[in-house]
Amino acid sequence: MSTPLADTTNPDLGLLYAVNGLARHAPAALDHLVSWVGEYGILIGLALLGLVGWLRARRRPDAPVAVAGLLWAPLAVAIAELANLPISAIVDRPRPFVDHPGLEVLVEGKAGTHSFVSDHSTMSMGIAVALFLVNRRLGWIAGGLALLQGFCRMYMGVHYPTDVIGGFALATAVVLLLAPIAMAVLVPLCHAIARTPLAPLIRAGRGSERSPGRPGGRGGGRRGTVRAEEQPRESDLAA
C-alpha cells in the first residue's frame with residue numbers, strides 16, 4: 001500500500017510528466033541512448049573523472065591530503081547508500097509508473113523496488129561533491145553529470161523529481177558532515193602509505209628532480225635543495 005508520500009503534489013507529478021513526455025515523442029534510438037546513459041553511462045563517466053582526479057592529486061604538493069579526499073568519495077557514496085536502506089524502507093514509496101500507468105517506462109525490472117530516494121542520484125551527487133572538495137574544475141563537471149543523471153531518471157519514468165532531490169540532499173549531507181572525521185583518518189593513512197613501497201599510489205614519481213644530497217652543478221647541492229620552510233604547506237582539507 002502506498003504511503004502519503006506516494007500521493008505526489010501537482011508540481012512533483014507535473015514536472016515528471018513534462019520530462020517523461022519527451023520520451024514519448026523522441027526517436028527510439030534516443031530513448032535507448034538516454035536509458036543507457038542514465039543507468040550506466042554517467043556512473044562510468046564519474047569513475048573516469050575520479051581517475052583523472054587521482055592522477056592530478058598525486059602531483060600536488062599536498063598529495064596525501066588530496067588523495068585522501070578522493071578516497072573519501074567512494075566511501076561517502078557507500079555510507080549514503082547504507083543510510084538510504086532504512087530511509088527507503090520507512091518511506092516505502094512505489095515507483096511512479098505503479099501509481100501512474102500513463103508514464104513511458106524505458107527500463108524494466110524496477111516495479112518491485114523503492115522510488116525514494118534515487119540511488120543513482122545519490123551516487124552521482126556524492127561523487128560530485130567529494131570530487132569538488134579536491135578539484136573544483138572536475139567537481140563542477142561531475143556536478144553537471146549528476147544533474148543530468150537526475151534528468152535521465154525522470155526521462156526514463158523511474159523516479160519522481162523529489163526522489164532525485166532527496167538523493168542529492170542525502171549525498172551532500174553525508175559527504176560534507178562526515179568529511180572532517182573521514183579526513184582525520186584518511187590523511188594519516190595516506191601519509192603512512194607514502195612512506196612505503198606503495199608510495200606511487202599517493203605521490204607521482206619525481207625522477208627528474210635532483211636529490212638534496214647530490215651536487216646540482218654550480219653552487220653544489222644548495223641550488224637544487226628546497227628548504228623545509230620553503231615547502232608548500234599542506235591544507236587541512238583537500239580543496
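Predicted, not measured: the structure shown is a model, and the values here were computed from it.

> Mind showing me how you'd approach the layout of surface pockets here?
Empty space among the atoms becomes apparent when a probe as large as a water molecule is rolled across them. Computed from the structure, the second largest pocket encloses a volume of approximately 270 Å³. Taken together, 15 residues form the lining of the second largest pocket, with Gly50, Trp54, Leu70, Leu71 and Pro74 sitting closest to its centre. Only helix 2 (28–57), helix 3 (63–91) and helix 5 (119–134) provide two or more residues apiece to the lining of the second largest pocket. Tallied by class, residues from the lining of the second largest pocket come to 14 nonpolar, one polar and no charged.

> Even after reading the chapter, I still don't get the pattern of salt bridges, so can you show me in this structure?
A side chain with one charge may pair with a side chain of the opposite charge, provided their charged atoms come close. Overall, the coordinates contain five salt bridges when judged by the stated rule. We note a salt bridge from Arg93 to Asp12, for which the minimum N-O separation is 3.1 Å. Of this pair, Arg93 sits in the loop between helix 3 and helix 4 (96–99) while Asp12 sits in helix 1 (residues 10–25), and the two are 81 residues apart along the sequence. The pair formed by Arg93 and Asp12 is uniform in burial state, with each residue classed as buried. Linking Arg24 and Glu104 is a salt bridge whose minimum nitrogen-to-oxygen distance equals 3.5 Å. One end of the pair, Arg24, is in helix 1; the other, Glu104, is in the loop between helix 4 and helix 5, and 80 residues separate them in sequence. For Arg24, a relative accessible area of 46% translates into the label partly exposed. Several salt bridges share partner residues, and in doing so they unite Asp12, Arg93 and Asp163 into one network.

> Is there a simple way to explain the packing of aromatic side chains in this structure?
Any pair of aromatic rings gets described here by the distance separating the centres and the angle formed by the planes. Evaluation of the coordinates by the stated rule reveals two aromatic pairs. Between Phe132 and Trp140 the ring centres are 5.4 Å apart and the planes differ by 80 degrees, which places this aromatic pair in the edge-to-face class. You can call Phe132 partly exposed: its relative accessible area is 25%. Here the aromatic rings of Phe151 and Tyr155 are separated by 6.1 Å at their centres, their planes lie at 40 degrees, and the arrangement is tilted.

> For this particular structure, what's the right way to read helix 3?
Its 29 residues place the ends of helix 3 42 Å apart at the C-alpha level, agreeing with the 42 Å of an ideal helix rising 1.5 Å per residue. Along helix 3, the helix axis deviates most sharply at Asn84, where the bend reaches about 25 degrees; the proline Pro86 sits within four residues downstream. Just downstream of helix 3, Asp92 is the residue with a positive phi angle, here 55 degrees.

> How do you make sense of helix 6 (residues 136–155) when you look at a structure like this?
Since one α-helical turn is 3.6 residues long, residues separated by three or four positions face the same way. With 20 residues, helix 6 should cover 28 Å at 1.5 Å per step; its first-to-last C-alpha distance of 29 Å lies within 8% of that length. Positive backbone phi, at 80 degrees, marks Gly157, one or two positions downstream of helix 6.

> What is the right way to read the environment of Gly14 from this model?
With respect to the secondary-structure elements, Gly14 resides in helix 1. Taking C-alpha positions, Gly14 is 9.5 Å from Pro161, a pair spaced 147 residues apart along the chain.

> Is there a simple way to explain the side chain of Gln149 in this structure?
Note on placement: Gln149 falls in helix 6. Residue Gln149 is classed as buried on the basis of its relative accessible area, which comes to 0%. Other than its neighbours up to four places away in sequence, Gln149 contacts Val37, Gly38, Ile42, Leu43, His120, Ser121 and Ser124.

> Could you clarify how one ought to interpret the nonpolar core in this entry?
Buried together is how nonpolar side chains tend to be arranged in soluble globular proteins. Counting 56 residues, the largest nonpolar core has Trp72, Met125 and Val175 as the members making the most contacts within it. Mapped onto this core, the elements with two or more residues apiece are helix 1, helix 2, helix 3, helix 5, helix 6 and helix 7 (161–193). Looking at which element gives the most residues to this core, the answer is helix 7, with 12 residues. Setting aside chain neighbours within four positions, we find Met125 in contact with Ala146, Phe168, Ala171 and Thr172.

Analysis parameters
- Residues numbered from 1 in each chain as written.
- Predicted model: local features only at pLDDT ≥ 70, side-chain atom pairs only at ≥ 80, totals over all residues.
- Heavy atoms only, no water.
- 1 Å grid on protein atoms, 1.4 Å probe; cavity = no way out; pocket = protein on both sides within 12 Å on 5 of 7 lines; lining within 4 Å.
- Points joined across faces, edges and corners; volume = space filled by probe spheres on them.
- Helix = DSSP H or I, 4+ residues; strand = E, 2+ residues; numbered from the N terminus.
- Nonpolar A, V, L, I, M, F, W, Y, C, P; charged D, E, K, R; others polar.
- Salt bridge = Lys/Arg side-chain N within 4 Å of Asp/Glu carboxyl O.
- Buried < 20%, exposed > 50% of the residue type's maximum accessible area, 1.4 Å probe, protein only.
- Phe/Tyr/Trp six-rings, centres within 6.5 Å; stacked < 30°, edge-to-face > 60°.
- Expected span 1.5 Å × (residues − 1).
- Bend = angle between axes of the 7 residues up to and from the residue.
- Contact = heavy atoms within 4.5 Å.
- Core = buried A, V, L, I, M, F, W, Y, C linked by side-chain atoms within 4.5 Å.

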